[in-house]
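Below, each chain spelled out in residue letters.
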Amino acid sequence: MAGGVLSFPLTSFHADGSLDPDGFRAHVAAQIATAPGAVFPACGTGEFFSLDEDEYRTVVSVAVQEAGGRVPVVAGIGYGWAQALRFARIAEEAGADALLVLPHYLVAAPQEGLVGQLERIAAGTRLPLIAYQRGQVAFTAASLRRIAGIPGVIGLKDGHSDLDRLQRLTLAAPEGFLFFNGASTAEIQARAYATVGVPAYSSAVHAFAPEIADAFFTALKTGDEGTVEKLLREFYVPLVELRDRVPGYAVSLVKAAARLRGRPVGPVRAPLTDPSAADLADLGTLLATGLDLVGASL
């Protein structure tokens, strides 16, 4: 999965908020056509938290069908371990290759409980698990050694961007254990993550501008610092500044940018809100700038 950008497709909704399976099929097919390292349906960018079980089944099934075995499909699961296992079984039946365990709901928990959550989930599914530390979930090096020893737990996605802690985790992990950069707008910190042994990263930008995401990935991989710096300075940093204006824009802006490019993804679901007219105008200008930087257009 380190061989390409990791794709986190958006979940398509109709204007009334109902699921749009045909729109999602078209969107995920376009994502897979760009040959990402893997596709992660029904995760944070895909509004997992807004899907019921039937909708989740449809989303994962469509992603598996469109992937057709060409790239791994890693479905999101979450909440407490009992509900996470309900989603895990649906993903198994749909043909997913692995599962991303999103942070549990609401409460803070001690290390023993964080490990126990993964133990419970791993015992109830045959699919490999990637843990996601973000928000209230943060593993110590000792806990990392424990979860790496759980049969079926194959990796960790990090969203904290605490490089001191992350370096300790990578050093504590056994050989072959996978690590992923899951920071918001991960490209901003991709170079820093790579220095502690975590080159693979997820890209929300890939959901609306794979041309930009792939150009950045290639430049980073080949050591083209000029292109990396230019894209960071003129596209990614302004995107982060726009993203930080309103809570939830980490998803809402991505979806709005996809709509600007004619992608059939529809609106976000509450509690998220679509961007204001002013922010949408700024997004359109920034998107045009980013595409121009890599020789593409709307």
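See the structure above.
In short, a report on the structure. The structure presented is a predicted model; accordingly, all values stated were derived computationally and were not measured.

1. As for the sheet that holds strand S2 (residues 38–39)
Here's step 1: Strand order in this open sheet of 3 strands is S2-S1-S8, and the pairing throughout is parallel. Every other strand in the sheet has two partners, leaving S2 and strand S8 (202–203) as the edge strands with one partner each.
Here's step 2: Of the strand pairs in this sheet, strand S1 (residues 6–7) and S2 are connected by 2 bridges, and their pairing is parallel. By the bridge assignment, leucine 6 is partnered in S2 with alanine 38.

2. Notes on the pattern of salt bridges
Here's step 1: Applying the stated criterion across every chain yields a total of 17 salt bridges.
Here's step 2: Two residues, glutamate 225 and arginine 191, come together in a salt bridge whose shortest N-O distance is 2.7 Å. With a gap of 34 residues between them, glutamate 225 in helix H9 (residues 225–243) and arginine 191 in helix H7 (residues 190–195) connect regions that are remote in the sequence.
Here's step 3: Each of Arg191, Glu225, Glu229 and Arg233 takes part in one network of salt bridges that share partners.

3. Comments concerning the nonpolar core
Here's step 1: Tyr56, Ile77, Leu100, Leu144 and Phe179 are the most contacted members of the largest nonpolar core, which has 69 residues in total.
Here's step 2: Sequence-distant contacts of tyrosine 56, that is, excluding residues within four places in its chain, are made with Ala42, Phe48, Leu51, Ala75, Gly76, Ile77, Phe87, Ile90 and Ala91.
Here's step 3: Phe217, Leu239, Leu242 and Leu253 belong to the second-largest nonpolar core, a separate cluster that totals 32 residues.

4. Considerations on a nonpolar patch on the surface
Here's step 1: On the surface, Tyr105, Leu106 and Val107 cluster together to form a nonpolar patch covering roughly 360 Å² of accessible area.
Here's step 2: Position of valine 107 among the secondary structure elements: in the loop between strand S4 (98–101) and helix H4 (111–123).

5. Notes on the packing of H4 against helix H5 (residues 141–148)
Here's step 1: Between H4 and H5, the shortest axis-to-axis distance is 10 Å and the interhelical angle comes to 15 degrees. By the angle between their axes, H4 is roughly parallel relative to H5. Where H4 crosses over H5, the handedness of that crossing is right-handed. Contacts from Gln111, Glu112, Val115, Leu118 and Glu119 of H4 reach H5 at Ser143, Arg146 and Ile147.
Here's step 2: Among the residues forming the contact of H4 with H5, the class breakdown is 3 nonpolar, 2 polar and 3 charged.

6. Examining the environment of glutamate 229
Here's step 1: Here glutamate 229 is to be found in helix H9.
Here's step 2: For glutamate 229, a relative accessible area of 30% corresponds to the partly exposed category.
Here's step 3: Distance in space between the C-alpha atoms of glutamate 229 and arginine 146 is 39 Å, their sequence separation being 83 residues.

7. With respect to helix H10 (residues 249–260)
Here's step 1: A rise of 1.5 Å per residue sets the reference length of H10, with its 12 residues, at 16 Å; its end C-alpha atoms lie 15 Å apart and thus fit the reference within 8%.
Here's step 2: Here H10 lies mainly inside the structure; 9 of its 12 residues are buried.
Here's step 3: Turning to H10, its buried residues are Tyr249, Val251, Ser252, Leu253, Val254, Lys255, Ala256, Ala257 and Ala258.
Here's step 4: In this structure, the buried residues of H10 make contact with H9 and helix H11 (277–293).

8. Focus: the sheet that holds S4
Here's step 1: The strand order S3-S4-S5-S6-S7 describes an open sheet built from 5 strands, whose pairing is parallel. Bordering the open sheet on either side are strand S3 (74–77) and strand S7 (178–181), each of which pairs with just one other strand. Each strand axis lies, on average, 25 degrees off the axis of its neighbour in the sheet, ignoring direction.
Here's step 2: The pairing of strand S6 (residues 153–158) with S7 spans 4 bridges and is classified as parallel.

The rules we used
- Residues numbered from 1 in each chain as written.
- Predicted model: local features only at pLDDT ≥ 70, side-chain atom pairs only at ≥ 80, totals over all residues.
- Heavy atoms only, no water.
- Pairing = 2+ DSSP bridges.
- Helix = DSSP H or I, 4+ residues; strand = E, 2+ residues; numbered from the N terminus.
- Salt bridge = Lys/Arg side-chain N within 4 Å of Asp/Glu carboxyl O.
- Core = buried A, V, L, I, M, F, W, Y, C linked by side-chain atoms within 4.5 Å.
- Buried < 20%, exposed > 50% of the residue type's maximum accessible area, 1.4 Å probe, protein only.
- Contact = heavy atoms within 4.5 Å.
- Patch = residues over 30% accessible without salt bridge, like charges linked within 9 Å, V, L, I, M, F, W, Y side chains within 5 Å.
- Areas by Shrake-Rupley, 256 points an atom, 1.4 Å probe, with all protein chains shown as cover.
- Axes fitted to C-alpha atoms, helices over the stretch in contact; angles between N-to-C directions.
- Parallel < 35°, antiparallel > 145°, perpendicular 65-115°, else oblique.
- Left-handed = near helix turned anticlockwise from the far one by under 90°.
- Nonpolar A, V, L, I, M, F, W, Y, C, P; charged D, E, K, R; others polar.
- Expected span 1.5 Å × (residues − 1).

These figures capture arrangement, not role.
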